[in-house]
Amino acid sequence: MDGGVTPSLFPLHRCKTLHLVRHAQGVHNVEAEKNYNAYLSYSLFDAPLTPLGWKQVDNLRNHVHDSGFIKKIELVIVSPMLRTMQTAVGVFGSGGYTDGMDILPLMVANAGNNGRSAYSSLNCPPFVAVELCRELLGLRPCDKRRSVSEYVPLFPAIDFSLMESDEDTWWKTDVREPSEGVSARGIEFLNWIWTRKEKEIAVVTHGGFLFHTLKSFEGSYHPLTKDEVCKHFANCELRSMVIVDRGMMGLDPSVMNYPGKIPQGPDLPSAAVKPPPNSSS
């Protein structure tokens, strides 16, 4: 191999596939393009998706269904913000919810004044909100979340049980989370993923969180791979990656491996091995 670079092999049960998605275009993205200082405006608190953002969601939804990989997703992890939950539900949820169905909707109609119909949780993977994968915290109101009690009526089938508190105690008015803090939080998030049994997981989160988390690994990549992994995500971009349990944190045994040599015993010459009873000659 050129330059002494060789492929790496890892046991399959020590790997997970993550489908990483940045949320679609939010109102704050548009306003900041016009005036960067708009990020400091409380009018952008917990910014929802724009109409163009919803079009991006529909396009990604078509992609994941047309490619068939929607059937592989065992879990959807989502940052607890309007724009990420709207994106996650729109991409990975089921449509066609009507009042009176014997299941909870993933999102009620017009959640966050989005003008969209309700989405069903029928035949969908479970959705769980996780605080660790939020955007950079502090200073910008667009990155401050609502209370969990406000979100639950809007997204009834999303599991908020892992949230530490009803109110947002992580966001601070006067200081922005440093990049190294985001990176550390991202590593903590990936370590937490190893506590889950699921092997194929979608994560719907934020551009800054993804950039700083993935950049933490840049020293271990080939230059071409580094560009694939570490570059900034576009709105509603999806990248699928494999993470490897190098630290042997996961304890789940492989469900695919087979020990072989069953029944056990010495390796006898073929002529010495008696055929099983009633076998045909």
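Since the model is a prediction, treat every value here as computed from it, not as a measurement.

## Considerations on the nonpolar core
For step 1, the next point in the chain: Of all hydrophobic cores here, the largest spans 36 residues; its most connected members are Phe92, Phe127, Phe155, Ile158 and Phe160.
For step 2, the next point in the chain: Contributing elements (two or more residues each) for this core: α2 (51–66), β2 (75–78), α3 (82–92), β3 (105–107), β5 (127–129), α4 (148–151) and β6 (200–205).
For step 3, the next point in the chain: With six residues, the single largest contributor to this core is α3.
For step 4, the next point in the chain: Each residue touching Phe127, except ones within four places of it in the same chain, is listed here: Val76, Ala88, Val89, Phe92, Gly93, Leu106, Ala157, Ile158 and Asp159.

## Regarding the pattern of salt bridges
For step 1, the next point in the chain: Under the criterion given, the structure shown has twelve salt bridges.
For step 2, the next point in the chain: Where Arg134 meets Asp168, a salt bridge forms, and the shortest distance between an N and an O atom there is 2.7 Å. Of the two residues, Arg134 sits in the loop between β5 and α4 while Asp168 sits in the loop between α4 and α5 (179–193), which places them 34 residues apart along the sequence.
For step 3, the next point in the chain: Residue classification places Asp168 among the buried residues on the basis of a relative accessible area of 9%.
For step 4, the next point in the chain: We note a salt bridge from Glu177 to Arg185, for which the minimum N-O separation is 2.7 Å. Each member of the pair, Glu177 as well as Arg185, is classed as buried.
For step 5, the next point in the chain: Connected via shared salt-bridge partners are Glu131, Arg134, Arg145 and Asp168.

## Topic: a nonpolar patch on the surface
For step 1, the next point in the chain: Residues Leu12, Val255 and Met256 make up a contiguous nonpolar surface patch of about 410 Å² in total accessible area.
For step 2, the next point in the chain: Along the polypeptide, Leu12 turns up in the segment before β1 (15–22).

## Digging into the packing of aromatic side chains
For step 1, the next point in the chain: Following the criterion strictly, the structure yields five aromatic pairs and no others.
For step 2, the next point in the chain: A centroid spacing of 6.4 Å and a plane angle of 80° characterise the contact between Tyr42 and Trp171, whose relative ring orientation is edge-to-face. Of the two residues, Tyr42 is situated in the loop between α1 (27–34) and α2 and Trp171 in the loop between α4 and α5; the sequence distance between them amounts to 129 residues.
For step 3, the next point in the chain: Ring geometry for Tyr151 versus Phe160: centroids 6.3 Å apart, planes at 10°, classification stacked.
For step 4, the next point in the chain: Relative accessible area serves as the criterion here: at 0%, Tyr151 is assigned to the buried category.

## Regarding the pairing of β6
For step 1, the next point in the chain: Among the six residues that make up β6, six are buried, leaving the element largely enclosed by the rest of the structure.
For step 2, the next point in the chain: By the alternation rule, side chains of β6 split into Glu200, Ala202 and Val204 and Ile201, Val203 and Thr205, which are all buried.
For step 3, the next point in the chain: Here six bridges tie β1 to β6, and the two strands are oriented parallel to one another. Looking across to β6, one finds that Leu20 is bridged to Val203.
For step 4, the next point in the chain: Pairing of β2 with β6 involves four bridges; the strand directions are parallel. Each residue of the ladder has a partner; that of Leu75, found in β6, is Ile201.

## Some words on the sheet that holds strand β7 (residues 238–244)
For step 1, the next point in the chain: Read across the sheet, five strands follow the order β5-β2-β6-β1-β7 without closing on themselves; strand pairing throughout is mixed. Edge strands, defined here as strands with exactly one partner in the open sheet, are β5 and β7. Averaged over all pairs of adjacent strands, the angle between strand axes in this sheet comes to 25°, irrespective of strand direction.

Reading the values: the criteria
- Residues numbered from 1 in each chain as written.
- Predicted model: local features only at pLDDT ≥ 70, side-chain atom pairs only at ≥ 80, totals over all residues.
- Heavy atoms only, no water.
- Core = buried A, V, L, I, M, F, W, Y, C linked by side-chain atoms within 4.5 Å.
- Buried < 20%, exposed > 50% of the residue type's maximum accessible area, 1.4 Å probe, protein only.
- Helix = DSSP H or I, 4+ residues; strand = E, 2+ residues; numbered from the N terminus.
- Contact = heavy atoms within 4.5 Å.
- Salt bridge = Lys/Arg side-chain N within 4 Å of Asp/Glu carboxyl O.
- Patch = residues over 30% accessible without salt bridge, like charges linked within 9 Å, V, L, I, M, F, W, Y side chains within 5 Å.
- Areas by Shrake-Rupley, 256 points an atom, 1.4 Å probe, with all protein chains shown as cover.
- Phe/Tyr/Trp six-rings, centres within 6.5 Å; stacked < 30°, edge-to-face > 60°.
- Pairing = 2+ DSSP bridges.
- Axes fitted to C-alpha atoms, helices over the stretch in contact; angles between N-to-C directions.

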